[in-house]
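Summary of the model geometry
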2 protein chains.
Amino acid sequence: MQRLIAHISKFIELTEEDRETILSCIQYQEVKKKDYLLRQDAICNANYFILKGCFRQYYINEKGLEQIIHFGIDNWWITDYDSLERRTPSEYYIQAVENSEIAVLDKRVKEELFSKIPGLERYFRLILQRAYAASMQRIKYIYEFTGEERYYHFSNLFPEFIQRIPQYMLASYLGFTPEFLSKIRSKKI
Amino acid sequence: MQRLIAHISKFIELTEEDRETILSCIQYQEVKKKDYLLRQDAICNANYFILKGCFRQYYINEKGLEQIIHFGIDNWWITDYDSLERRTPSEYYIQAVENSEIAVLDKRVKEELFSKIPGLERYFRLILQRAYAASMQRIKYIYEFTGEERYYHFSNLFPEFIQRIPQYMLASYLGFTPEFLSKIRSKKI
DNA sequence: CTGAAAAATTGAACCAGTTTAAGAAATGAC
DNA sequence: GTCATTTCTTAAACTGGTTCAATTTTTCAG
């Protein structure tokens, strides 16, 4: 759990008391590969901090296929902000891609924590700022590059990551079919 | 400027003193059509609240074409969070699409305001949460629908808005060429 | 009102990526 | 180990959308 404290400390100052307060409010949890943190139509109730492991956020599209819109790995928060905040049924699944460890911050507990440690409000603002900027960047890549370019760009940027996940998930995330990814890869040899 | 105060009040409680503090910290500004709030390679220095009008955020892609990644209209904040926070040269232009009125919140002043009114930290967190959720939603639409479907979806959702902007801007935002938009529209008649 | 610039249309040739379907390879549970 | 399931590959036919180039329409400054 120290990973989470360390992460928060990179953004705001925490007293020893703050640390203890935070630790008393969050729950450690192990999650097995393929287990879900959230399913479609459920209302999301927590923010999840990934201590170790990998998760994917996806929805089932009109053709009945899984479309991955987000990956979360070590030291990232993951949740459905829309469902969490507006108390609406989620459109997304959040599922462990590998055996993982997380810290769970329940919605209600989060509000309490904010009143005890107002600095956390700032921490989450900064986290969201980064996430939003990354999301804009992602839209930029989708428009700017062909599928093949996106694949090479992504595998240069995260060479270890593409070893960790099945190819069909990468294809889905990058916005094309597994067949097309196969085609790209076979070209290279 | 009361529009901004009203907007903030929808998210957090403000005392009369808070209102005055905020009003003393932000600057009213009129912006003419085609004027820029931000240019590529400049470092972004403020958050801009659109009191009235319309802005587009775009970049110049590898082919030298303008690619719009975002529109901002009445009652939305617009900025380049990445450049603003990390003090890096921006990749984006932010330009007025029509004569507009804005409230400017300078970066340094913003930090002062946060220390005077800590609740604003929460306000911006909530704003960002919405913006991030909308951005995820946008990625979902890009993957889920064809260009034609995106066009009809968008014009059903914002029928007045498509009257306000040139078609080539809409095409760029939706991720296809003006020629293709022409084709879609001619089909309909 | 007028001319120049900006925006929208049209059509033909083209290409990036999908679909479908079948087989091969890798993984994992017992 | 071995069988079932999951993942990956290959190839042909197809389609959504682009590119290029020429033309028309709209907008707007003087």
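Residues numbered from 1 in each chain as written. Chains lettered and ligands numbered in written order. Predicted model: local features only at pLDDT ≥ 70, side-chain atom pairs only at ≥ 80, totals over all residues. Heavy atoms only, no water.

Among the 19 residues in the neighbourhood of DNA strand C, the closest are listed as Gly147 and Lys183 of chain A together with Gln167, Tyr168 and Ser182 of chain B. Among the atoms of DNA strand C lying within 4 Å of the protein, the sugar-phosphate backbone contributes 69%. A distance of 3.1 Å separates a phosphate oxygen of DNA strand C from a polar atom in the side chain of threonine 177 of chain A. Note that a phosphate oxygen of DNA strand C is positioned 2.9 Å from one of the backbone N or O atoms of glutamine 167 of chain B. Every element with two or more residues in the surface near DNA strand C is listed here: helix 6 (147-157) and helix 9 (178-188) of chain A together with helix 8 (167-174) and helix 9 (178-188) of chain B. Of all the elements, helix 9 of chain B adds the most residues to the surface near DNA strand C, at five residues. Class assignment for the residues of the surface near DNA strand C results in four nonpolar, seven polar and eight charged. (Near = heavy atom within 4 Å. Polar contact = N/O pair within 3.5 Å; in protein donor to acceptor, adjacent residues only side chain to side chain. Helix = DSSP H or I, 4+ residues; strand = E, 2+ residues; numbered from the N terminus. Nonpolar A, V, L, I, M, F, W, Y, C, P; charged D, E, K, R; others polar.)

Okay, helix 1 (residues 2-9) of chain B next. All names here are of chain B. Those residues of helix 1 that sit buried are Leu4, Ile5, His7 and Ile8. Taken end-on, helix 1 shows its buried residues confined to a sector of 160°, consistent with a single buried face. The elements touched by buried residues of helix 1 are helix 2 (16-25), strand 3 (46-52), strand 6 (77-78), strand 8 (100-106) and helix 5 (119-144). (Buried < 20%, exposed > 50% of the residue type's maximum accessible area, 1.4 Å probe, protein only. Arc of directions from axis to C-beta. Contact = heavy atoms within 4.5 Å.)

Here we come to the side chain of glutamine 67 of chain A. On the secondary structure map, glutamine 67 of chain A appears in strand 5 (residues 66-73). With residues up to four places along the chain from it excluded, the contact list for glutamine 67 of chain A reads Gln57, Tyr58, Tyr59, Ser172 and Tyr173 of chain A together with Tyr143 of chain B.

One pass over the full model with this rule turns up zero disulfides over all chains. Free of any disulfide, cysteine 44 of chain A has its nearest neighbouring cysteine sulfur in cysteine 54 of chain A, separated by 18 Å. (Disulfide = S-S within 2.5 Å.)

By size, the foremost hydrophobic cluster in this structure holds 22 residues, and its most contacted members are Tyr132 of chain A together with Tyr132 of chain B. Of all the elements in the fold, those that place two or more residues in this core are helix 5 (119-144) of chain A together with helix 5 of chain B. Sequence-distant contacts of tyrosine 132 of chain A, defined by excluding residues within four places in its chain, comprise His70, Tyr81, Leu128, Ala131, Tyr132 and Ser135 of chain B. Counting residues in each nonpolar core, the second largest holds 21 residues, with Leu4, Phe49, Leu105 and Tyr123 of chain B among its members. (Core = buried A, V, L, I, M, F, W, Y, C linked by side-chain atoms within 4.5 Å.)

Lining the immediate environment of DNA strand D, one finds 18 residues, of which Gln167, Tyr168 and Ser182 of chain A together with Gly147 and Thr177 of chain B sit closest. Within 4 Å of the protein, atoms of DNA strand D come from sugar and phosphate in 75% of cases. Between glutamine 167 of chain A and DNA strand D, the recorded distance is 2.9 Å, taken from a backbone N or O atom to a phosphate oxygen. Separating a phosphate oxygen of DNA strand D from a side-chain N or O atom of lysine 33 of chain B is a distance of 3.5 Å.

This part takes up the sheet that holds strand 2 (residues 36-38) of chain B. Residues and elements named next belong to chain B. On the basis of which strands lie adjacent, the open sheet formed by four strands has the order 2-7-4-5 and antiparallel pairing. Of all strands in the sheet, those with a lone pairing partner are strand 2 and strand 5 (66-73), marking the two edges. Averaged over neighbouring strand pairs, the angle between their axes works out to 25° when direction is ignored. Contacting strand 4 (54-60) and strand 5, helix 8 runs over the sheet at an angle of about 100° to strand 5. (Pairing = 2+ DSSP bridges. Axes fitted to C-alpha atoms, helices over the stretch in contact; angles between N-to-C directions.)

Let us look at unusual backbone geometry. Backbone geometry at lysine 34 of chain A places phi at a positive 75°, although glycine is not the residue there. As for its position among the elements, lysine 34 of chain A is in the loop between strand 1 (27-31) and strand 2 (36-38). You can call lysine 34 of chain A exposed: its relative accessible area is 58%. For arginine 87 of chain B, which is not glycine, the phi torsion reads 55° and is therefore positive. Within the secondary structure, arginine 87 of chain B sits in the loop between helix 3 (81-86) and strand 7 (93-96).

What follows deals with the environment of isoleucine 60 of chain A. Residue and element names in this part refer to chain A. On the secondary structure map, isoleucine 60 appears in strand 4 (residues 54-60). By relative accessible area, which is 34% here, isoleucine 60 ends up partly exposed. In this structure the C-alpha to C-alpha distance between isoleucine 60 and glutamine 40, which are 20 residues apart in sequence, comes to 8.7 Å.

On to the interface of chain B and chain A, then. Taken together, the contacts link 40 residues of chain B with 40 residues of chain A. Contact between chain B and chain A buries roughly 3800 Å² in total, counting both sides, with carbon and sulfur atoms accounting for 57%. Summed over the three residues of chain B that lose the most area to chain A, namely Arg125, Tyr132 and Tyr143 of chain B, the buried surface amounts to 20% of that side. Taken together, chain B and chain A are joined by eight salt bridges. Arginine 125 of chain A is the partner of glutamate 121 of chain B in a salt bridge, and the nearest nitrogen-oxygen pair spans 2.7 Å. Contributions of two or more residues to the side of chain B that touches chain A are made by strand 4, strand 5, helix 3, helix 4 (107-116), helix 5 and helix 8 of chain B. When residues of the side of chain B that touches chain A are assigned to their parent elements, the largest contribution, 19 residues, is made by helix 5 of chain B. Tallied by class, residues from the side of chain B that touches chain A come to 19 nonpolar, nine polar and twelve charged. (Buried area = accessible area lost by both parts, 1.4 Å probe. Salt bridge = Lys/Arg side-chain N within 4 Å of Asp/Glu carboxyl O.)

Here chain A averages 93 in pLDDT, while 99% of its residues score no lower than 70. Within chain A, the element-level pLDDT minimum falls on helix 9 of chain A, averaging 87, and the maximum on strand 6 (residues 77-78) of chain A, averaging 97. (pLDDT = per-residue confidence, 0-100.)

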